Amino acid sequence: MMDEESEQAGISIQNVESSICLLRGQIYEAMENWVLATENYREALRRDVYCFEAFELLMKHQMLTAEEEKELMRSLHVPLNQQCPEEEADTLKNLYLLVLKKYDRPSESSMPKCLASLATNLDVVTNQAERHYYNCDFRTCYKITTDVLNKDPYHAACLPLHIAVLVEVKKSNELFYLAHKLVDLYPNKPIAWFAVGCYYYLVGKNEPARRFFSKATTLDRLYGPAWLAFGHSFAAEGEHDQAMAAYFKASQVMKGCHLPLLFVGLEHGQTKNFRLAEKFFSQALAIAPNDPFVLHEMGVAAFHNATNAANAAISGNSEADVNERKKELIRSWETAAKYFTDALNIVQTMGPHALTEKWESLLNNMGHVSRKLKKYEQALDFHRQALVLCPQNSSTFSAMGYVYSLMGNFSMAIDYFHKALGVGRDDTFSVTMLAHAIEQYICEMSPCEGADTPIPELMDAPLLTKEHESSVPGTPRDTPVTELIEAPLLTMEMENSLNTTKDDTSSSIDIEVEMEDND
């Protein structure tokens, strides 16, 4: 009966069945039954490949991992060929591919030939801008999103991306103006209050930022970017427990996204619980195995675990126990180096221009690990590359000075410690190491520069009697002759103060990868 009525109304039975599956999925999603909701959206798409609403909900709410998205596209191969003409099927498939996850790994922003006629379409252009965003090319992304909003000031897909990139390029005035316009026009949409919250987050007012992020999640409790930003506002003030609670909520509403797990791991790292942080990083890596941000944090966790092993090795009782712990220490450093190298190789697949300021901490951390493995020239090379990205970073100068001091080149070490203090006057490590390097340099300097012959030794002076000794001006009574004191060795505290590798990338990760559906 329903088939006849549908045919009389000009609606195919496939469209009816697809609409029923779509409605059923929305009901399950409202009941927070994510598994059944995902399955019904998939079924709706298989029954009608033109049901973009089901596809959009799957992508927007991050219900699928990157691998599950690829599996979905493979499962649509037969329905596409059955329900679409050949050329149309190819076009539809590539349009869907443009919407798939873009933050699991950097990749080239290319336009398929079959979509050349849609090169000026704002939805297609927005997807290209999103690719630049997740490649950390924020300036190009900002230029594209600005052009899109000039043509369509309230483009729904472009607005979240534009808000995120305004935070990255720190254009607070533009964000303030945009947020007020959105609140005036769309007071009942979460994107308006999310924009207001991002403005306050950008200017460092985290308390009002949280109020507006909370309002955005009240209007739409499935709005993942607001949950992530809510967590960021707590993390910025060191409120680790509250930040993790927000990230856990984000992981519930964004089942296929690895970013909440990554941010939870970062918070555990901030509390120095690197063993637990590594577990969350491993879960994030299972979802996005080619994300350089995750690989970088895995390397940071391995590095800190190695440092803890070093402290344990020093306090060991037996020599065999110390040697075994030192071997474990070297293995941990090599593991960290492998993670860092894998991350750098993935980033460099985009070419030399892909190394932006976001990857400065990665290069510095590779330098730290190379130094630990006594590859000093390699360590200096990585630190020099980091200086190219961020020329005024005092920690990079101090790291290079430390490497030179370990190589015995105290002249260069002194030079770089002075540069570090010129940029950051409060760098206590550089102050301590500068004094040490100067002392060592003085001990190595010749008393007379250019002298070829050794300085003759002084003849033994006659011993002073108590009577004579007391008559020498400025000589305290009973004071022994001055001895040559060996320069102090580097303490573990000095080493650890430099080895504080940056684990705030995400920062990677700041708000930079928080836009999932926009995102």
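None of the values given here were measured: they were computed from a predicted structure.

Focus: the nonpolar core
Then comes step 1: Within the largest apolar cluster, 93 residues are counted, with the highest numbers of intra-cluster contacts made by Tyr133, Ile163, Leu175, Phe194 and Phe213.
Then comes step 2: Among the elements that make up this core, the one with the highest residue count is helix H12 (residues 190-202) (10 residues).
Then comes step 3: Non-local contacts of Ile163, meaning those with residues more than four positions away in its chain, are made with Leu175, Leu178, Leu182, Ile191, Phe194, Ala195 and Cys198.
Then comes step 4: Val49, Phe55, Leu76 and Tyr96 belong to the second-largest nonpolar core, a separate cluster that totals 24 residues.

As for helix H21 (residues 376-389)
Then comes step 1: Compared with the 20 Å implied by 1.5 Å per residue over 14 residues, the 20 Å span of H21 between its first and last C-alpha is a close match.
Then comes step 2: Those residues of H21 lying buried are Ala379, Leu380, Phe382, His383, Ala386, Leu387 and Leu389.

Regarding helix H16 (residues 259-270)
Then comes step 1: Along its 12 residues, H16 runs 17 Å from first to last C-alpha, staying within 8% of the 16 Å computed at 1.5 Å per residue.
Then comes step 2: With 11 of its 12 residues buried, H16 lies for the most part within the structure.
Then comes step 3: Buried within H16 we find Leu259, Pro260, Leu261, Leu262, Phe263, Val264, Gly265, Leu266, Glu267, His268 and Gly269.
Then comes step 4: One or two residues past the end of H16 sits Lys272, with phi positive at roughly 70°.

With respect to the packing of helix H11 (residues 172-185) against H12
Then comes step 1: Across the interface, H11 lies against H12 with an axial gap of 8 Å and an inter-helix angle of 155°. As far as their axial angle goes, H12 and H11 are roughly antiparallel. At the point where H11 passes H12, the crossing takes the left-handed sense. Where H11 approaches H12, its residues Ser172, Leu175, Phe176, Ala179, Leu182 and Val183 are matched on the opposing element by Ile191, Ala192, Trp193, Ala195, Val196, Cys198, Tyr199 and Leu202.

Describing the confidence of the model for the protein
For residues with low pLDDT, the predicted coordinates do not support detailed interpretation.
Then comes step 1: Summary statistics for the protein give a mean pLDDT of 80 and a share of 80% for residues scoring 70 or more.
Then comes step 2: At the low end of the mean pLDDT range in the protein sits helix H27 (residues 506-509), at 36; at the high end sits H12, at 95.
Then comes step 3: Note that residues 458-519 has pLDDT below 50 and, in this model, 137 contacts with residues that lie over four places away or in other chains.

A short note on the packing of aromatic side chains
Then comes step 1: A full pass over the atoms with the stated rule returns 21 aromatic pairs.
Then comes step 2: Measuring from ring centre to ring centre gives 5.3 Å for Tyr199 and Tyr200, while their planes differ by 70°; the resulting arrangement is edge-to-face.
Then comes step 3: Put simply, the rings of Phe176, Trp193, Tyr199, Tyr200 and Phe212 touch in pairs and so form one group of aromatic residues.
Then comes step 4: Lying over the aromatic face of Tyr186, Lys189 brings its terminal NZ or CZ to 4.7 Å of the ring centre.
Then comes step 5: If you follow Lys419 out to its NZ or CZ, it ends over the ring of Tyr416, 4.6 Å from the centre.

A short note on the environment of Ile330
Then comes step 1: Secondary-structure assignment places Ile330 in helix H19 (residues 319-348).
Then comes step 2: The spatial distance from the C-alpha of Ile330 to the C-alpha of Phe303 is 10.0 Å, given a sequence separation of 27 residues.

Some remarks on unusual backbone geometry
Then comes step 1: Its identity is not glycine, yet Cys136 carries a phi of approximately 65°, on the positive side.
Then comes step 2: Along the chain, Cys136 falls in the loop between helix H8 (122-134) and helix H9 (138-151).
Then comes step 3: For Lys170, which is not a glycine, the phi torsion comes out positive at approximately 60°.
Then comes step 4: Looking at the element boundaries, Lys170 is found in the loop between helix H10 (158-168) and H11.

Some words on a nonpolar patch on the surface
Then comes step 1: Together, Ile438, Tyr441, Ile442 and Met445 make up an exposed nonpolar region whose accessible area comes to about 360 Å².
Then comes step 2: Examined against the element boundaries, Tyr441 turns out to sit in helix H24 (residues 428-444).
Then comes step 3: The class of Tyr441 is partly exposed, set by a relative accessible area of 33%.

Focus on the pattern of salt bridges
It is possible for side chains bearing opposite charge to pair when their charged atoms get close.
Then comes step 1: In this structure the tally under the stated criterion is 13 salt bridges.
Then comes step 2: Residue Asp147 pairs with Lys143 through a salt bridge whose shortest N-O separation is 3.8 Å. Taken together, the residues span about one helical turn, with Asp147 and Lys143 both in helix H9 at a distance of 4 residues.
Then comes step 3: A residue is classified by how much of its surface remains accessible, and Asp147, at 36% relative accessible area, is partly exposed.
Then comes step 4: The class for Lys143 is exposed, based on a relative accessible area of 57%.
Then comes step 5: Notably, a salt bridge pairs Arg210 with Glu207, separated by 3.0 Å at the nearest N-O pair. Of the two residues, Arg210 and Glu207 are both situated in helix H13 (residues 206-219); the distance of 3 residues between them amounts to about one turn of the helix.
Then comes step 6: Since its relative accessible area comes to 44%, Glu207 is described here as partly exposed.

Here is what the cut-offs are and how they apply
- Residues numbered from 1 in each chain as written.
- Predicted model: local features only at pLDDT ≥ 70, side-chain atom pairs only at ≥ 80, totals over all residues.
- Heavy atoms only, no water.
- Core = buried A, V, L, I, M, F, W, Y, C linked by side-chain atoms within 4.5 Å.
- Buried < 20%, exposed > 50% of the residue type's maximum accessible area, 1.4 Å probe, protein only.
- Helix = DSSP H or I, 4+ residues; strand = E, 2+ residues; numbered from the N terminus.
- Contact = heavy atoms within 4.5 Å.
- Expected span 1.5 Å × (residues − 1).
- Axes fitted to C-alpha atoms, helices over the stretch in contact; angles between N-to-C directions.
- Parallel < 35°, antiparallel > 145°, perpendicular 65-115°, else oblique.
- Left-handed = near helix turned anticlockwise from the far one by under 90°.
- pLDDT = per-residue confidence, 0-100.
- Phe/Tyr/Trp six-rings, centres within 6.5 Å; stacked < 30°, edge-to-face > 60°.
- Lys NZ or Arg CZ within 6 Å of the ring centre and 35° of its normal.
- Patch = residues over 30% accessible without salt bridge, like charges linked within 9 Å, V, L, I, M, F, W, Y side chains within 5 Å.
- Areas by Shrake-Rupley, 256 points an atom, 1.4 Å probe, with all protein chains shown as cover.
- Salt bridge = Lys/Arg side-chain N within 4 Å of Asp/Glu carboxyl O.

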